[in-house]
Amino acid sequence: MHIPDGLLDPLTTIVLWIVSIMIMIIGYFRMGKIFEKEDSEKLIPYIGVLAAVIFAFQFVNYPVPGGTSGHLVGGTLVAVILGPWASVIVLFLILVVQSLFGDGGITAIGANTFNMGIIGGLVGFYIVMGIVRILNKTNLKKELKVTIATAIGSYIAIVLASFICGVQLAIAGALPIQVAVPAMVFWHLIIGIGEGIISALIVFYIYKAKPEFIATESILKVK
Amino acid sequence: MINVRRYRWPLISVFLIIGVLLLMIAIGYSIGVLSDNPDGLERVLIDNNGESWLESLPSPWIPLLSWIESDYFAGTVGIIISVCLMTIIFYIIISKKNRTKNG
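Residues numbered from 1 in each chain as written. Chains lettered and ligands numbered in written order. Predicted model: local features only at pLDDT ≥ 70, side-chain atom pairs only at ≥ 80, totals over all residues.

Caption draft 1: Representation of the overall build of chain A. Per the secondary structure count, chain A includes nine helices and two strands. Start at the N end of chain A and walk to the C end: the helices and strands fall as α-α-α-β-β-α-α-α-α-α-α. Radius of gyration (C-alpha) of chain A: 17 Å, near the 17 Å computed for a compact globule of 223 residues. Taken over the C-alpha atoms alone, chain A extends approximately 45 × 35 × 30 Å along its principal axes. The buried share of chain A, taken over its 223 residues, is 62%. Sequence separation of at least 24 residues holds for 76% of the intrachain contacts in chain A that already meet a minimum separation of 6. (Helix = DSSP H or I, 4+ residues; strand = E, 2+ residues; numbered from the N terminus. Rg over C-alpha atoms; globule rule 2.2 N^0.38 Å. Buried ≥ 20, exposed ≤ 12 C-beta atoms within 10 Å, placed from the backbone. Contact = placed C-beta atoms within 7 Å.)

This is the structure:
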């Protein structure tokens, strides 16, 4: 879902840059709970590992029926691990690195951050939070609740991001809206399955290997 | 002086991730777990406007690392840059937040 240079019109490009920068500035001030703890410095090397995981999974595409392919976006996954506000910054930085290789345009980093970081991460996190609240009424184990919620939340967030991306394509005049939105949503309804499965497996693995790295448990209010 | 032992497991993890990525690039396409096909957005644009239209979109720059043709090298360099960039930025954020908190 990496928008290349030259696809969006200048106004949409500028507006999405401004929105993304504003959200990152707000995010810096809002992500206090997790990063103001005395032992928060211990998180730094693991944030590096997370960066490697996200870059690696975004670098390779898995096959999707119908002659297309998908790759992990990871917004919701990062949000569940590091919190919704940090996820926007993480995705922005990953997108900057990818643009150096020509994967996603440099002028489109604002739009890509909006779609993958803000919709995928921030919005995805609150979808996960809502699902966790529903699952809190069941007797499932804590890690299963978060894993299931991450799978569903990632899936919904990726489909929502594709819907927004379709609207952006239409505003930019690349495609008529009646073509762009259904086509984007259709493909991502299939591609999103991979996103949900990979995100859930990574969260489940972290719960088994290093559960304290899921820094958002208190925000998710998982019981 | 950086205490390397303290960062042993994160460093091992990063090298493992690079190793697994290189292995996946080497065998993933032949065993069918990876695909060269266009992704969702590219598919929509190619289906409606054609591949040549997508390739002719104007860009204000030549991506700095686009000269790297090998997937193995690009994956390794990308991971190293991502790890360094993310570590530095979050080190600054966490240090700044802790300093503000402690007055």
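After that view of the structure, there is still more to cover.
Caption draft 2: Examining helix α1 (residues 10-30) of chain A more closely. All names here are of chain A. In a regular helix each residue adds 1.5 Å, so 21 residues correspond to 30 Å; α1 covers 30 Å between its end C-alpha atoms and thus fits that length. Considered for burial, the residues of α1 that qualify are T12, T13, L16, S20, I23 and G27. Viewed end-on, α1 has its buried residues packed into an arc of 100 degrees, placing them on one side of the element. Along α1, exposed side chains directed more than 90 degrees from the buried face belong to P10, L11, I18, M22, I25, I26 and F29. Those residues of α1 that are buried lie in contact with α5 (84-100), α6 (109-135) and α7 (142-172). (Expected span 1.5 Å × (residues − 1). Arc of directions from axis to C-beta.)

Caption draft 3: Up close: the confidence of the model for chain A. Mean pLDDT over chain A works out to 92, with 100% of the residues at or above the 70 mark. Within chain A, the element-level pLDDT minimum falls on helix α2 (residues 32-35) of chain A, averaging 73, and the maximum on α6 of chain A, averaging 96. (pLDDT = per-residue confidence, 0-100.)

Caption draft 4: Molecular detail of the interface of chain B and chain A. Across the boundary between the two partners, chain B contributes 49 residues, which contact 55 residues of chain A. Contributing elements (two or more residues each) for the side of chain B that touches chain A: α1 (8-31), α2 (40-49) and α4 (71-101) of chain B.

Caption draft 5: Representation of the packing of α1 of chain A against α6 of chain A within the structure. Residues and elements named next belong to chain A. Axis separation between α1 and α6 bottoms out at 7 Å; the angle between their running directions is 50 degrees. On the basis of their axis angle, the class for α1 and α6 is oblique. Of the two possible hands of crossing, α1 and α6 adopt the one that is left-handed. Counting all contacts with α1, which are made through T13, L16, W17, V19, S20 and I23, the residues of α6 involved are G110, A111, T113, F114 and I118. (Axes fitted to C-alpha atoms, helices over the stretch in contact; angles between N-to-C directions. Parallel < 35°, antiparallel > 145°, perpendicular 65-115°, else oblique. Left-handed = near helix turned anticlockwise from the far one by under 90°.)

Caption draft 6: Here's a closer look at the packing of helix α4 (residues 75-82) of chain A against helix α8 (residues 177-209) of chain A. Residues and elements named next belong to chain A. Where α4 contacts α8, the axes come no closer than 9 Å and their chain directions differ by 20 degrees. Between α4 and α8, the angle is such that the two are roughly parallel. In the packing of α4 onto α8, the handedness of the crossing is right-handed. In this structure, α4 contributes T76, L77, V80 and I81 to the contact, and α8 contributes S199, I202, V203 and I206. A breakdown of the residues in the contact of α4 with α8 according to their chemical character gives six nonpolar, two polar and no charged. (Nonpolar A, V, L, I, M, F, W, Y, C, P; charged D, E, K, R; others polar.)

Caption draft 7: A look at helix α3 (residues 43-59) of chain A. The end-to-end C-alpha separation of α3 of chain A is 24 Å, in line with the 24 Å expected for 17 residues at 1.5 Å each. In terms of burial, α3 of chain A is largely enclosed, as 17 of its 17 residues are buried.

Caption draft 8: Structural detail: the environment of V77 of chain B. Residues and elements named next belong to chain B. Inspection of the secondary structure puts V77 in helix α4. A tally of 16 C-beta atoms within 10 Å means that V77 is categorised as partly exposed. For the pair V77 and I18, spaced 59 residues apart in sequence, the C-alpha to C-alpha distance is 9.6 Å. V77 has contacts with L65 and I68, leaving out every residue within four places of it along the chain.

Caption draft 9: Molecular detail of the confidence of the model for chain B. Confidence in the prediction for chain B averages 88 pLDDT; 95% of positions are at 70 or higher. With a pTM of 0.93, the predicted complex shows an ipTM of 0.90.

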